[in-house]
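Structural characterization, general
If you want the building blocks of each chain, they are given just below.
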Amino acid sequence: MAERSPATRRTLWLVLSLVFAFLYIPIAVLVALSFNEGGLPTAWSGFSLKWYASLANNSAILSAALNTLIVALVSTAIATLLGTLLAIGVEMRRQYGKGLEALIFAPMIIPDIVLAIALLSFFSMLNLTMGLHTIILAHVVFNLAFVCSVVRARLKSFDWSIVEASADLGASAITTFRRVTLPVIAPAVIAGALLAFTLSVDEFIIAFFTAGAGRASTTLPMQIYAMIRFGITPEINALATIFMAVSITALTLSQRLNKGVIGQ
Amino acid sequence: MAPALVWLTALMVVPCALMLALAFFRRGIYGGIDYTFTLENFGLVFDPLYASIFLKSARIAGTATLIAVVIGYAAAYAISAAPRRWQPVFLFFAVLPFWSNYLIRTYAWIVLLNREGLITQLLRWSGYTGEPPSMLYTEGAVIAGLVYNYLPFVILACYAPLSRLNPELAEASRDLGASAATTFRRVILPLTVPGIAAGAVFVFVLSIGNFVTPALLGGGRFQMIGNLVYDQFLTANDWPFGAALAMALIAIMLLVLMAQALAADRASGRAAQAVGGTDG
């Protein structure tokens, strides 16, 4: 489409610049202010890392970060294992019903708040004490769906005859999985795990409802929510900046490993 | 695969079914649940007080959807018109903010809109001396937050059909004497309706059930359906009514999804007509 008039081209570039300004100015302001010396949230008074330092001394934030890490690591481990097995099972059999498909995709579609309150009602009817373990149980539900779909995308181009060949050569099912299937799908499994980890670290609504009362099981997003409601402090800017950097790095990595499965 | 299916059944299917059942029970006198069958929770949803919150939520979500679609479509169009090798880069940077935490993206707007925020500072700097305008804790702030958070998805959804568009179609339309505007309205737009519909449904569905954005940018005085559900479960302790509200929310979402499927069907029919049945 080379024959656009210069005026049209200028308009298109203007639109792009405005949209990118809209997308990035709020984030850029936030990041810039996290390095702002003064206590005032908006007046620039010099570069400083002191808000990052004060984060390191904030015990509420540190314990929330630890909780988040525990929840994310455990739920990612469980979801990666179960989700990979589920993907292999579904793809190997090929004749699965619509019901199974719906069951696997449902957690990606059900609104967070609905799943969150459903789990809250369920756990409290079972008289389960809520805490980190209930958040983990809940996070596996949606992480499972994401891991499964990432691994399934990879398995679509998988040559099942090599599995048969391995069996013909006398390998057990476990050996075949470990030495044939797994190496082929490993990038997708790692990508799925990274995606699950990031989603779990980021997730707020379900954790908020399934954490139960008390500060002991506060995760980082819950802590951030509480801080935001309390008011603006430069500390949130610093925390938000670190948090964004981690999420974006992990997801970019996941995207690279599994060429564009996310975003599509 | 069995363990995964057990997990999903135990922690998704059963809880959701339970919540559905919950909506048909009465609230106990001291909170809790009184297990007698009733339909009054659903009746209460249509009570003018709550119905007005539904309408308000629909209005806010609808406005956010409209704005997001207009901006998102323009952006997607501009990206699809950029040199080929730049398109993936633009697209990547359009989606990148979407990968950061939702709360943080919403918080960024508090920083921007508050009384001492960037916008107020810019106004002062440009010579404005009056009271800073109150931008935070308004309906406008909530809409801005929703548009900001879901815009990247609209860009992606609209870019897909735009980039697949055969440039010869536009050329043919121009050769046949159509103006640029007519070509856009009768050729390009109909062919990209499925993308617009997908993006619009995404924004609308996520906006109407949202409770974080109204709570943060609306300053808590601001109720949408999501906040109402939240209150019933965590404040009022009326779980049956909360469950009925959640069911109503899901019903709205299903209706919107069905409307989208219908619109996509009709659009592909119309598009086929527009290009003489050679493409669709």
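Computed from a prediction, not measured in an experiment: that's the story for all the values here.

**Description of the UniProt feature "transmembrane region" (unreviewed entry) in chain A**
Residues and elements named next belong to chain A. Feature annotation in UniProt assigns "transmembrane region" (unreviewed entry) to the following positions: residues 12-35, 60-90, 102-124, 130-151 and 180-199. The span residues 60-90 is 100% helix and 0% strand, and its two end C-alpha atoms sit 43 Å from each other. Each end of residues 102-124 is marked by a C-alpha atom, and these two atoms are 27 Å apart; helix forms 91% of the span and strand 0%.

**Points about the side chain of Thr134(A)**
Considering the arrangement of structural elements, one finds Thr134(A) in helix H6 (residues 132-155). In this view, Thr134(A) contacts Phe123(A), Leu128(A), Thr129(A) and Thr210(A); residues no more than four positions away in its chain are not counted.

**Focus: the nonpolar core**
Nonpolar side chains tend toward joint burial in soluble globular proteins. In this structure, Phe204(A), Phe209(A), Tyr225(A), Ile155(B), Phe211(B) and Val212(B) are the most contacted members of the largest nonpolar core, which totals 174 residues. No other element matches helix H7 (residues 139-164) of chain B, which puts 15 residues into this core. Among all residues touching Ile155(B), those that are not within four sequence positions of it are Val19(A), Gly72(B), Ala75(B), Ala76(B), Ile79(B), Leu91(B) and Ala94(B).

**Thoughts on the interface of chain B and chain A**
The partner chain A presents 72 residues to the 75 residues of chain B that form the contact. Between chain B and chain A, roughly 6500 Å² of surface is buried when both sides are summed, and carbon and sulfur atoms account for 84% of that area. The tally of links between chain B and chain A comes to 0 salt bridges. Per-element tally for the side of chain B that touches chain A: the top contributor is helix H1 (residues 2-22) of chain B, with 16 residues. Grouping the constituent residues of the side of chain B that touches chain A by class yields 62 nonpolar, 10 polar and 3 charged.

**Some details on the pattern of salt bridges**
Should the charged atoms of two oppositely charged side chains come close, the side chains can pair. Summed over the entire model, instances satisfying the criterion amount to 6 salt bridges over all chains. Of the charged contacts, one joins Glu40(B) and Arg26(B) as a salt bridge, the two residues approaching to 3.5 Å between their closest N and O atoms. One end of the pair, Glu40(B), is in helix H2 (residues 40-45); the other, Arg26(B), is in strand S1 (residues 25-27), and 14 residues separate them in sequence. Assessed through its relative accessible area of 46%, Glu40(B) is described here as partly exposed. In this structure Arg26(B) comes out as partly exposed when scored by relative accessible area, which is 30%. Glu139(B) serves as the salt-bridge partner of Arg59(B), at 2.9 Å between the closest nitrogen and oxygen. Here Glu139(B) lies in helix H7 and Arg59(B) lies in helix H3 (residues 48-81), a separation of 80 residues in the sequence. Residue Glu139(B) is classed as partly exposed on the basis of its relative accessible area of 25%. Each of the salt bridges in this network shares a partner with another, and the network as a whole consists of Glu91(A), Glu101(A), Arg152(A) and Lys156(A).

**Some points on the packing of helix H5 (residues 112-125) of chain A against helix H11 (residues 225-234) of chain B**
Their axes nearest at 11 Å, the elements H5(A) and H11(B) cross at an angle of 10°. Between H5(A) and H11(B), the angle is such that the two are roughly parallel. Only Gly226(B), Val229(B), Phe233(B) and Leu234(B) of H11(B) make contact with H5(A), whose side of the interface consists of Ile113(A), Ile117(A), Leu120(A) and Ser121(A). Taken together, the residues of the contact of H5(A) with H11(B) break down into 6 nonpolar, 2 polar and no charged.

**Comments concerning H1(B)**
All names here are of chain B. For H1, built from 21 residues, the straight-helix expectation of 30 Å at 1.5 Å per residue is met to within 8% by its first-to-last C-alpha distance of 28 Å. Along H1, the sharpest kink reaches roughly 35°, centred on Thr9. Here H1 has its buried residues at Ala4, Leu5, Trp7, Leu8, Leu11, Met12, Pro15, Cys16, Met19 and Leu22.

**Section: the confidence of the model for chain B**
Residue and element names in this part refer to chain B. When the pLDDT values of chain B are averaged, the result is 87; 95% of them are 70 or greater. Per-element mean pLDDT across chain B ranges from 78 in helix H6 (residues 118-125) up to 95 in H3. Across the predicted assembly, pTM comes out at 0.89 and ipTM at 0.88.

**Thoughts on a nonpolar patch on the surface**
Nonpolar side chains collect at one region of the surface, where Leu66(A), Leu69(A), Ile70(A), Leu73(A) and Val74(A) lie side by side and expose about 420 Å² of accessible area between them. Within the secondary structure, Leu66(A) is located in helix H3 (residues 59-93).

**Some details on the state of the cysteines**
What makes a disulfide is a covalent bond joining the sulfur atoms belonging to two cysteines. Within the structure shown, the criterion is met by 0 disulfides over all chains. With no disulfide of its own, Cys148(A) lies 18 Å from the sulfur of Cys16(B), the closest cysteine sulfur. Judged by its relative accessible area of 0%, Cys148(A) is buried.

What counts and what doesn't
Residues numbered from 1 in each chain as written. Chains lettered and ligands numbered in written order. Predicted model: local features only at pLDDT ≥ 70, side-chain atom pairs only at ≥ 80, totals over all residues. Heavy atoms only, no water. UniProt positions renumbered as here; feature names shortened; annotations may be inferred. Helix = DSSP H or I, 4+ residues; strand = E, 2+ residues; numbered from the N terminus. Contact = heavy atoms within 4.5 Å. Core = buried A, V, L, I, M, F, W, Y, C linked by side-chain atoms within 4.5 Å. Buried < 20%, exposed > 50% of the residue type's maximum accessible area, 1.4 Å probe, protein only. Buried area = accessible area lost by both parts, 1.4 Å probe. Salt bridge = Lys/Arg side-chain N within 4 Å of Asp/Glu carboxyl O. Nonpolar A, V, L, I, M, F, W, Y, C, P; charged D, E, K, R; others polar. Axes fitted to C-alpha atoms, helices over the stretch in contact; angles between N-to-C directions. Parallel < 35°, antiparallel > 145°, perpendicular 65-115°, else oblique. Expected span 1.5 Å × (residues − 1). Bend = angle between axes of the 7 residues up to and from the residue. pLDDT = per-residue confidence, 0-100. Patch = residues over 30% accessible without salt bridge, like charges linked within 9 Å, V, L, I, M, F, W, Y side chains within 5 Å. Areas by Shrake-Rupley, 256 points an atom, 1.4 Å probe, with all protein chains shown as cover. Disulfide = S-S within 2.5 Å.

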